[in-house]
Structures are given as structure tokens and as C-alpha cells.
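# Overview (structure and organization)
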Amino acid sequence: MDKKVRVLVVGAAFAANLHVEGYVRCPELATIVGLADKRPERVKELADRYGLKDYAQYDDWKDAIDNVDCDVVDICLPNFMHHDVAVYAFQKGRHVITEKPLATTLEDAREMLQAAEKAGKRLYYAEDWLFAPALLKALDIVKEGAIGKPLYYRARECHSGSHSPFAQTIAFCGGGCMIHLGCHPISFLLALKENKWTELMAMTSGGKENNLVHKQMEGEDWSACLIKFQDGTSALIEANYVTKGGMEDVFEVYGTEGCMHVDLSFSSPINVFSIPGLSYTVEKAEITTGWSRPAVDEKFNLGYVSEIRHFMECIRDNKDAKIGLRGIDGYEALKVVQAIYKSAREGVKVVNEELK
Ligand SMILES: NC(=O)c1ccc[n+]([C@@H]2O[C@H](COP(=O)([O-])OP(=O)(O)OC[C@H]3O[C@@H](n4cnc5c(N)ncnc54)[C@H](O)[C@@H]3O)[C@@H](O)[C@H]2O)c1
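Since the model is a prediction, treat every value here as computed from it, not as a measurement.

## A word on the site of the ligand
Taken together, 26 residues surround the ligand, and among them Asp37, Arg42, Asn79, His163 and Tyr304 come closest. In the model, an oxygen atom of the ligand is placed 3.2 Å from a nitrogen or oxygen of the Leu77 main chain. Between the ligand and Tyr304 there is a distance of 2.6 Å, counted from an oxygen atom to a side-chain nitrogen or oxygen. When the ligand is considered free in solution it has 840 Å² of accessible area, and contact with the protein chains removes 91% of it. If you tally residues by element for the shell around the ligand, the top one is helix α1 (residues 14–24), at 3 residues. Partitioning the shell around the ligand into residue classes produces 12 nonpolar, 6 polar and 8 charged. When residues are assigned to domains, the shell around the ligand turns out to be shared by domain 1 (5–128 + 318–325) and domain 2 (130–303 + 334–355), each giving three or more.

## Observations regarding the environment of Asp108
In this fold, Asp108 is placed in helix α5 (residues 106–119). Residues Asp108 and Val87, spaced 21 residues apart in sequence, show a C-alpha to C-alpha distance of 9.5 Å. Setting aside residues no more than four positions away along its own chain, Asp108 makes contact with His83 and Ala103.

## Thoughts on the packing of α5 against helix α11 (residues 327–346)
The geometry of α5 relative to α11 is characterised by a closest axis approach of 10 Å and an angle of 170 degrees between their N-to-C directions. One element, α5, and the other, α11, form an angle in the roughly antiparallel class. Facing Leu106, Ala109, Arg110 and Leu113 of α5, the residues of α11 in contact are Gly327, Ile328, Tyr331, Leu334, Lys335 and Gln338. Residues of the contact of α5 with α11, tallied by class, amount to 6 nonpolar, 2 polar and 2 charged.

## Regarding the sheet that holds strand β1 (residues 5–10)
Strand order in this open sheet of 6 strands is β3-β2-β1-β4-β5-β6, and the pairing throughout is parallel. Whereas interior strands pair on both sides, the edge strands pair on one side only; in this sheet they are β3 (56–58) and β6 (123–125). With direction set aside, neighbouring strand axes in the sheet form an average angle of 25 degrees. Bridging between strand β2 (residues 30–36) and β3 involves 3 bridges; their strand directions are parallel. Bridge pairing in β3 places Leu35 opposite Gln57.

## Let's talk about helix α2 (residues 40–50)
If you check which residues of α2 are buried, you get Val43, Leu46, Ala47 and Tyr50. For α2, the angular spread of buried residues about the axis comes to 95 degrees, placing them on one side. For α2, the elements touching its buried residues are α1, β2, β3 and α9 (298–301). Positive backbone phi, at 65 degrees, marks Gly51, one or two positions downstream of α2.

## Topic: the packing of aromatic side chains
Taken as a whole and assessed by the stated rule, the structure comprises 10 aromatic pairs. Arranged with centres 6.0 Å apart and planes meeting at 40 degrees, the rings of Phe80 and Phe166 form a pair that is tilted. Placement of the pair is Phe80 in the loop between β4 (72–75) and α4 (82–91) and Phe166 in the loop between β7 (150–158) and α7 (170–173), with a sequence separation of 86 residues. The exposure class of Phe80 is partly exposed, given its relative accessible area of 28%. Through a chain of ring-to-ring contacts, the aromatic side chains of Trp129, Tyr153, Phe188 and Phe251 assemble into a single cluster.

## Here we look at the pattern of salt bridges
Tallied over the full model, the rule gives 25 salt bridges. A salt bridge links Glu283 to Lys284; its shortest N-O distance comes to 3.0 Å. Each member of the pair Glu283 and Lys284 is classed as buried.

## Focus on the domain arrangement of the protein chain
Partitioning the protein chain into domains gives domain 1 (5–128 + 318–325) and domain 2 (130–303 + 334–355). Its C-alpha centre places domain 1 at a distance of 24 Å from the equivalent point of domain 2. Residue-level contacts link 24 residues of domain 1 with 26 residues of domain 2. Counting the surface lost from both domain 1 and domain 2, the interface buries some 2200 Å², and carbon and sulfur atoms represent 63% of this. Applying the counting rule to domain 1 against domain 2 returns 2 salt bridges. Notably, a salt bridge pairs Lys299 with Glu21, separated by 3.9 Å at the nearest N-O pair. The tally of links between domain 1 and domain 2 comes to 10 residue pairs in polar contact (both at pLDDT 80 or more). Mapped onto the side of domain 1 that touches domain 2, the elements with two or more residues apiece are α1 and α5.

Rules used in this analysis
- Residues numbered from 1 in each chain as written.
- Predicted model: local features only at pLDDT ≥ 70, side-chain atom pairs only at ≥ 80, totals over all residues.
- Heavy atoms only, no water.
- Near = heavy atom within 4 Å.
- Polar contact = N/O pair within 3.5 Å; in protein donor to acceptor, adjacent residues only side chain to side chain.
- Areas by Shrake-Rupley, 256 points an atom, 1.4 Å probe, with all protein chains shown as cover.
- Helix = DSSP H or I, 4+ residues; strand = E, 2+ residues; numbered from the N terminus.
- Nonpolar A, V, L, I, M, F, W, Y, C, P; charged D, E, K, R; others polar.
- Domains from an automatic or database assignment.
- Contact = heavy atoms within 4.5 Å.
- Axes fitted to C-alpha atoms, helices over the stretch in contact; angles between N-to-C directions.
- Parallel < 35°, antiparallel > 145°, perpendicular 65-115°, else oblique.
- Pairing = 2+ DSSP bridges.
- Buried < 20%, exposed > 50% of the residue type's maximum accessible area, 1.4 Å probe, protein only.
- Arc of directions from axis to C-beta.
- Phe/Tyr/Trp six-rings, centres within 6.5 Å; stacked < 30°, edge-to-face > 60°.
- Salt bridge = Lys/Arg side-chain N within 4 Å of Asp/Glu carboxyl O.
- Buried area = accessible area lost by both parts, 1.4 Å probe.

If you want it as C-alpha cells, here you go:
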């Protein structure tokens, strides 16, 4: 493809901001030709924030896919909608980028993969951790042998609760904090281990009145999983909605010759004390007064900007994304999430039958 990739973004809320920041930072590769959201004021806000012009605006995602001449549909809609929108976009001959989780059920996820295959189009899975510069540097450090042979990992994404009204309901979201937040550390570790996990055991708070804090939420607000990989390493994965003070994105590696701690959210070089407070510090921080570590270029450092560039280069070159970012990787991550829910529900160890 020697022209720019033409993008239709469906959904104009939080995730759309993350993606649009990526598109406007690679103007030589991509152009946003359409934006759709059932709340038109959100489209306007998004377009104004990023100075977007010459885009078609729709309230209805189907109308948008029918009418906007684009190469790729970028799905920034609630989890339960990923399936229908992706399948429709494939039927109309578009590539698809979708936010995490790939879908709310494995059946939906499989249908998305099949629809891509049938249409001869590609499904790209937006996992930003795989482009976070600090995590890429950490992997380089492991690769050069600086901490010896990795033995054990700890990875977590935690904050005080989702901003999305859809996150309250299992039918809309597919679960609680593990599917919504845990999918980041899961996908990251699966990409490192080429999806070769062998067994896992998990606990969750269970949802509703069993939750620690969010008693109205159908999905769990606390969860943890121990997982083993085929190469003999293991990991502790945590996700919860009971963490105050801002989003924690943490990755730790313990090796035969050393260890490494990576903190994606609170590792800013700026340490500020403010009595009136700042307009913003880090994602989900409740207050900004007193001492804080305001993020520097958060959307870049969490990986969103480079993730979008990667997808644009893949579409331009008619290539699959790298491991961790293909539709099949989103499916594998969802399989692990579902295995975690089974383990927690039934109190059993879940073995990956495909690797037996
Ligand atoms: N990668 C990340 O770090 C990250 C962060 C946040 C959200 N997400 C994912 O992004 C997706 C979107 O989440 P969000 O937090 O942006 O917002 P959200 O779930 O609150 O809703 C997204 C937007 O979809 C619109 N919408 C809902 N139904 C619609 C319909 N039928 N037609 C048109 N528009 C409709 C809403 O008006 C809203 O503006 C989710 O899958 C979520 O898991 C990913």
C-alpha cells in the first residue's frame, strides 16, 4: 500500500483517546477518515482535542462501516460489542483492530478469527504493554543475561475501579478486574512464552456481595493467579479494583543472577509537591495534592502510541502483527482468563490440555 492507511474509529471515549493520540503521531502512515459513537458530543470532543478535520461522523457503527471508505475499523467500544462489529467489518472487507479483551466469550472470539480468515483480512489485538519502552528495555536486560536465567515473574495491573458503566455487568464486560485489567499482564507474559502455559490456579473475590469493595459489580474486584509455563518458569498475576492512589502497572523478574522491578505508572522523573494540586498526575489517581509523580507522556510510555504505529506499518505492508498482537493472541489471552475463572469458581488447578 503506498497511500496512507484510512482508519474508521468506532467508539469515542477513553480508549479512542489512546488510539487517536497514536494516529496523530504517525500522520505519514495513517489518516482518520471516520469516527462513530452513539453519543455525538464525544466524537466532537475527541476531534476537537486532536484537531481532526475531514472525517465523517456517525452515531451508528453499522452505518459508519457501510459508508466510510476505509482500510481498517478500529474498535474502541465496550467489550461485548467487539464481536459483532469485527464480524461485520470483516464481511465488508476491512481489517480490524480491537481493544482488549478480544471478546467476552471464547465462542465470540473464535467467530472473530473465522470471520477474518474467511474475508482474507487481518485481526489486530491492541495490547499496549508490548510497546511500553520500559518493558522493552527490561526484556533487553533479560536477553543480555544480566539477571541470569529467569525463574519467576510477578505482574499486575490494579486500580480503584473502571470508569466505564459497561464494566459493572458480566454480559457487557465478560467478568471483572481479571478480564479487564489482568489481560495486560497475561498477554505480556504469553507473548514472552509464545502462549505456552501449562497449568494455573486462581482465586477471585467472586463478584457482587462477595467483593471487597464494589458490591454492585457483577464481576470480581480482586483476583490473583499462579501460572506455570512450558519452559519451567512461573508467574504471579494480579488484577484488582481495590487499589487507591492511581493505576499500578508493575512487572518483576527474578532470575538466577539478579532481579528487576519495572514500574510503569509511578516511575516519572518528576517528583512534585503541590498544595493546590495538579490538573493530572497518573491514570485513576483520586487526588493530585501533596507529593506526586506526574506521568511524562503517559500514552507513549504505556505503549499506545507505538502500538498504533506498529498496526499501521503492518497494514501498509500487508503483514500480521508481532506475537502478542495478533487476533490469535487475543484469543489465547482470553483462554487464560476463562481458565482463571474456572479455577477460582471450582477451586481446581486448570491444565492446558493442548500442551499435554
Ligand atoms: N488498552 C487499555 O489500556 C484500555 C483502556 C481503557 C479501555 N480499554 C478497552 O477499550 C474499549 C472501550 O472502553 P472505553 O473505556 O473507551 O469506554 P466505554 O466502554 O465506556 O464506551 C466506549 C464508547 O462506546 C460508545 N458506545 C456504546 N455503545 C455504542 C453503540 N451501540 N454504538 C456506538 N457507540 C457506542 C459509548 O457511547 C462510549 O463513548 C473496551 O473494550 C475496554 O476494555 C482499553
